[in-house]
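# A structural walkthrough
Listed here are the chains, written in short residue letters.
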Amino acid sequence: MKRCGIVLAALVLSCGVAAKAAAIRASNDPVKDERPITAKDREHWAWKPLTKVEAADLDAVVAMKTPIEKEADAATLIRRVTFDLTGLPPSASQLSNESYEALVDRLLASQRYGEHWAQWWLDLARFAESDGFEYDATRERAWQYRDWVIEALNKDLPFDQFVQQQIAGDLMGAEAPTGFLLAGPDMPDVNNQIERRHIFLNDMTATVGTVCLGLTFGCAQCHEHPYDPISQADFYRLRAFFDNTVLPKERKQIGPMVRVFHEGVPASVVFVRGESKRPGPAVEPAFPRIGLTKPAEGSKPDRLALAKWITSGENVLFLRSMANRLWQQHFGKPLAGNPGDLGHQGEAPTHPELLDWLAAELPRQKWSLKRLHKLIVMSRAYRQAVPQQKRLTGEMLRDALLSVSGQLNLKPSGPSVRLPLPPEITSTLLKKQIEVTTDPTEHRRRSIYTFARRNLRHPLFELFDRPDAQASCSRRNESTTAPQALTMLNSDFVNETAAHLATTLTSKHGSEADPILTEATRICLSRQATQNELNAGRLFLEKQTALAGSFAEAVRDYCLALLNSNAFVFVD
């Protein structure tokens, strides 16, 4: 009872306090007392039909509200789009005379594209390779789901099928994608296994509601949603689609893929006040009543029917939430302020016509994410010179450091790499939790392939706001703290990166300052050095050589300064 009270308090807090809440309705018979949805309930912008916007292209829609500025210079634009589509800095070949459109096509066709954009989806899926909670046991095959996401994005699997397979892939002949449903935290060793299953199914249901519909469905597992027309019965009807997929063995981990159980499945019921010990009236699987579309006549109420309903071209919640998230990834902020909550507690879109135009464009582009990416990055709105000022994520920062120093190992797929951790962390861990991949070349693989432990994020990732994978993350925080700067300046990893780059430069150019300064700027900042930078660089090398004792050490310190600059850590 105490645990339920804590959960209830947390859910009320998570719903926020900005909008006026209805009185909490925690009925003993949530089906009988379910409030009907009224015409007034349907007036909220998020569940109205999409507005038909007459416009020739994206720029015409943007220009309805915001003037488009002049285009950014070539170097800025190349760096921007390369990081956006691949998560890596541009190579020397990408700074050549290749046309912008040809560059975009090449980036979208690259293996690097799926590796970068997969992290966006894994944040939503609350993906990690361990259970979390006290023991945080490793899930040995969880990486197979991550690799499926990367491969599906690289193949440009139509996005409706991409989502359908994650909800019902086992019913469509593809089991690996259903790792999405099972990616959340779990407590295999908890004494009450009935409560374990209850909590796990509620997390699964809340995640599907947040990711696929952009609504805080979890707020209705204990009571009527205080802000949106989602009843407790709505929550458990949605959960009923999953009730025959989770029957964990006593004190055993959940498997990496779902399966359908036909025997021993408890009846689907509403749990009074969300308590596993208080089963209420029975319910059948059904779509949330706030949805505008209805199930097909005669369709079987299983996960496949749910998956097809969610990804219907008429499901405005799905279309708007996905369009909003894509815009956020490219421009640094969403059109509607809270991409995980399009309900009354979320923010109305700043440009509703643009959001609806983009939402309608996804099915118009035959559900191709790559086509939609290209449409966005080719637009004048994206290419304009207004600074985007997006900071690199921790994963992008690590990959960029390895890339500019020529150390990045681009080996794709396979079991995750376990990176070495500093002693101050390993001294607090169990022996199994401090295992390190023996091949040091593996330590330089892309961050997407590093082992994702739920209770312990890599220090660099944690400092730069990687989510903890306890729940779906629609938008990462972006903190600015002193430890970030101190780590970039003092950590062994960053200093070794600077030393490696400096060795490459001095081996090629000897003690010639100008070629070293020019190439260091091109590699790290993806542009030509200005005359002022060259003048300041020469002066720095001269003074630092005297202080450090050698020209090579001075070059290393110069490289470290570049890697610590805003021009390296941020993308305009």
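Residues numbered from 1 in each chain as written. Predicted model: local features only at pLDDT ≥ 70, side-chain atom pairs only at ≥ 80, totals over all residues. Heavy atoms only, no water.

## A closer look at helix α12 (residues 352–364)
- Between its terminal C-alpha atoms α12 stretches 18 Å, which fits the 18 Å expected from 13 residues at 1.5 Å a residue.
- Those residues of α12 that sit buried are Leu354, Leu355, Asp356, Trp357, Leu358, Ala359, Ala360, Glu361 and Leu362.
- Check the buried side of α12 and you find it contacts α2 (58–63), α7 (159–168), α11 (316–331) and α13 (369–377).
- Note on α12: the residue one or two positions beyond its end, Lys366, has a positive phi of about 60°. (Helix = DSSP H or I, 4+ residues; strand = E, 2+ residues; numbered from the N terminus. Expected span 1.5 Å × (residues − 1). Buried < 20%, exposed > 50% of the residue type's maximum accessible area, 1.4 Å probe, protein only. Contact = heavy atoms within 4.5 Å.)

## Side note on the pattern of salt bridges
- Summed over all chains, the structure comprises 39 salt bridges.
- Residue Glu34 is joined to Arg289 by a salt bridge in which the shortest nitrogen-to-oxygen separation is 3.3 Å. Here Glu34, found in the loop between α1 (2–14) and α2, pairs with Arg289, found in the loop between β2 (279–282) and α10 (303–310); they are 255 residues apart in sequence, far enough to count as distant.
- Of the residues examined, Glu34 reaches a relative accessible area of 18% and is grouped as buried.
- On the basis of relative accessibility, which here comes to 21%, the residue Arg289 falls in the partly exposed class.
- One salt bridge connects Lys508 with Glu519, and the closest N-O pair in it is separated by 3.3 Å. One end of the pair, Lys508, is in helix α19 (residues 492–509); the other, Glu519, is in helix α20 (residues 513–525), with 11 residues separating them in the sequence.
- Its relative accessible area of 13% is what places Glu519 among the buried residues. (Salt bridge = Lys/Arg side-chain N within 4 Å of Asp/Glu carboxyl O.)

## Side note on the environment of Gln193
- Residue placement: Gln193 occurs in helix α8 (residues 193–213).
- Judged by its relative accessible area of 12%, Gln193 falls in the buried class.
- Taking the C-alpha atoms as reference points, Gln193 and Arg320, separated by 127 residues in sequence, lie 38 Å from one another.
- When near neighbours in sequence (up to four residues on either side) are disregarded, Gln193 contacts Pro188, Lys249, Glu250 and Arg251.

## Some thoughts on the packing of aromatic side chains
- Taken as a whole and assessed by the stated rule, the structure comprises 18 aromatic pairs.
- With a centroid separation of 6.5 Å and 25° between ring planes, the pair formed by Trp120 and Phe159 is classed as stacked. One end of the pair, Trp120, is in helix α5 (residues 111–124); the other, Phe159, is in helix α7, with 39 residues separating them in the sequence.
- On the accessibility criterion, Phe159 (1% relative accessible area) is buried.
- Their ring planes at 90° and their centres at 5.9 Å tell us that Phe331 and Tyr382 sit as a pair that is edge-to-face. Of the two residues, Phe331 is situated in helix α11 and Tyr382 in helix α14 (residues 380–383); the sequence distance between them amounts to 51 residues.
- Of the residues examined, Phe331 reaches a relative accessible area of 13% and is grouped as buried.
- Between the NZ or CZ atom of Arg80 and the centre of the ring of Tyr382, over which it lies, the distance is 5.7 Å.
- In this structure, Arg418 is placed above the aromatic ring of Phe451, and the distance from its NZ or CZ to the ring centre is 4.1 Å. (Phe/Tyr/Trp six-rings, centres within 6.5 Å; stacked < 30°, edge-to-face > 60°. Lys NZ or Arg CZ within 6 Å of the ring centre and 35° of its normal.)

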